[in-house]
Amino acid sequence: APSGGILNGLWVMDILAAARSAGHNVMLGGDMGNHTMSYDGASLLTELFLTGRWLRLLREIISSDYRWRRMIRQWVIAPCIPAPFFRRYKHWRRGGLPPWYNFSAINPEFASRSGVIDRAAREYLPFDSPPVRNGRLGRIQDFNCFSETADWFAKMRATFGIDIRTPAFDRRLVEFCLGIPEDQYLRHGHDRWLIRRAMRGQLPEAVGAFEPMPCMHCENAPCEPVCPVH
């Protein structure tokens, strides 16, 4: 399928060229971190809705502050819309333009001749599909879409002489993070809850936005001195 982030390659190649000029031959990257230890946990909202835990869902939405409209629209309503209706809605929103119109320069005639729409539906996901209801399955499908990343890294290594390391894409970490319950990634409206807790004191507050986080035992923020665990 046409890639939605191909233009990122421009600044990535600039960074690699600058690193090589500085005499470096290894680059540490965070690729796929958003799907592993830095996952935002948004699919928890779909899970809460479908399993009838609506009071918890309401608490999460209220705690999300300014993001509540997007959370309801994208993670409560959208996953529950039948796929045919969702596709028609997306087609209407784009005014009949092809699904990749806003992010890819693929030639329309070539797209039609190569059958890219049918191939995407057969090999990955159909265009204009509603968000996947099962958060784990959605992330696994995303990993599948990135299965050719090694070819990109090999090309960058051949061009710039830099070996790109991606610890967040390590299979062991991927499998571990997929097994972590969804509510460890989203709690009290705080997305990326797992990495925020893990990196407290390790990353600058300006990077992690470390506002007071709810304690996982008593759910108070801050919890001291009332939490019996502390």
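Further up the page is the structure itself.
Since the model is a prediction, treat every value here as computed from it, not as a measurement.

(A) Examining unusual backbone geometry more closely. A positive phi angle is found at M32, which is not glycine, with a value near 70°. Within the chain, H188 stands out as a residue other than glycine whose phi angle is a positive 55°. When you line up the elements, H188 lands in the loop between α10 (171–178) and α11 (193–198).

(B) Seen up close, the packing of helix α1 (residues 8–21) against helix α9 (residues 149–160). Running from N to C, α1 and α9 point in directions that differ by 40°, and their axes come no closer than 11 Å. Considering their axes alone, α1 and α9 lie oblique with respect to each other. Along this stretch, α1 crosses α9, giving a crossing that reads as right-handed. Where α1 abuts α9, its residues G9, V12, M13, L16, A17 and R20 lie against W152, M156 and F160. Looking at the contact of α1 with α9 residue by residue, the classes come out as seven nonpolar, one polar and one charged.

(C) Spatial organisation of helix α4 (residues 68–77). Of the residues making up α4, those classed as buried are M71, W75 and V76. Axial view of α4: buried residues confined to an arc of 85°, hence all on one face. Relative to its buried face, α4 has exposed residues pointing more than 90 degrees away, namely R69 and R73. Check the buried side of α4 and you find it contacts α2 (43–50) and α3 (54–63).

(D) Representation of α3 in the model. For α3, the complete set of buried residues consists of R56, L57, E60 and I61. End-on, the buried residues of α3 take up no more than an arc of 135°, which puts them together on one face. In α3, those exposed residues whose orientation departs by more than 90 degrees from the buried face are L55 and I62. Residues of α3 that are buried make contact with α2 and α4. Positive phi shows up at D65, right after α3, with a value of about 60°.

(E) Spotlight on the packing of helix α8 (residues 135–145) against α10. Packing of α8 against α10 brings their axes to within 11 Å, and their N-to-C directions diverge by 160°. As the angle between them shows, α8 and α10 are arranged roughly antiparallel. For the crossing formed where α8 meets α10, the hand is right-handed. Of α10, the residues touching α8 (which contributes R136, R139, I140 and F143) are V174, C177 and L178. For the contact of α8 with α10, the per-class residue count stands at five nonpolar, no polar and two charged.

(F) Quick peek at the nonpolar core. Residues A42, L44, L45, L48, L57, I61, M71, W75, V76 and L186 constitute the largest nonpolar core, which totals ten residues. Elements represented by at least two residues in this core include exactly α2, α3 and α4. In this structure, L16, A19, F160 and I164 belong to the second largest nonpolar core, which totals seven residues.

(G) Broad picture of the environment of G135. Along the chain, the position of G135 falls in helix α8. Note: C-alpha distance between G135 and T46 (89 residues apart in sequence) is 8.3 Å. When sequence neighbours within four positions are dropped, the list of residues in contact with G135 reads Y39, S43 and E182.

(H) View of the side chain of T166. Note that T166 resides in the loop between β2 (163–165) and α10. Classification of T166 by relative accessible area gives buried; the value is 17%. Apart from the residues within four sequence positions on either side, T166 is in contact with G29, D31 and F153.

(I) Seen up close, the packing of aromatic side chains. In this structure the tally under the stated criterion is five aromatic pairs. Ring centres 6.2 Å apart and planes at 35° place the aromatic pair Y89 and W92 in the tilted group. One end of the pair is Y89 and the other is W92, both in helix α5 (residues 83–93) and three residues apart, which spans about a single turn. Lying over the aromatic face of Y39, R139 brings its terminal NZ or CZ to 4.0 Å of the ring centre. The ring of Y185 has R139 sitting right over it, with the charged end atom 5.2 Å from the ring centre.

Cut-offs and rules
Residues numbered from 1 in each chain as written. Predicted model: local features only at pLDDT ≥ 70, side-chain atom pairs only at ≥ 80, totals over all residues. Heavy atoms only, no water. Helix = DSSP H or I, 4+ residues; strand = E, 2+ residues; numbered from the N terminus. Axes fitted to C-alpha atoms, helices over the stretch in contact; angles between N-to-C directions. Parallel < 35°, antiparallel > 145°, perpendicular 65-115°, else oblique. Left-handed = near helix turned anticlockwise from the far one by under 90°. Contact = heavy atoms within 4.5 Å. Nonpolar A, V, L, I, M, F, W, Y, C, P; charged D, E, K, R; others polar. Buried < 20%, exposed > 50% of the residue type's maximum accessible area, 1.4 Å probe, protein only. Arc of directions from axis to C-beta. Core = buried A, V, L, I, M, F, W, Y, C linked by side-chain atoms within 4.5 Å. Phe/Tyr/Trp six-rings, centres within 6.5 Å; stacked < 30°, edge-to-face > 60°. Lys NZ or Arg CZ within 6 Å of the ring centre and 35° of its normal.

Take it as geometry only, folks, not as evidence of what the structure does.
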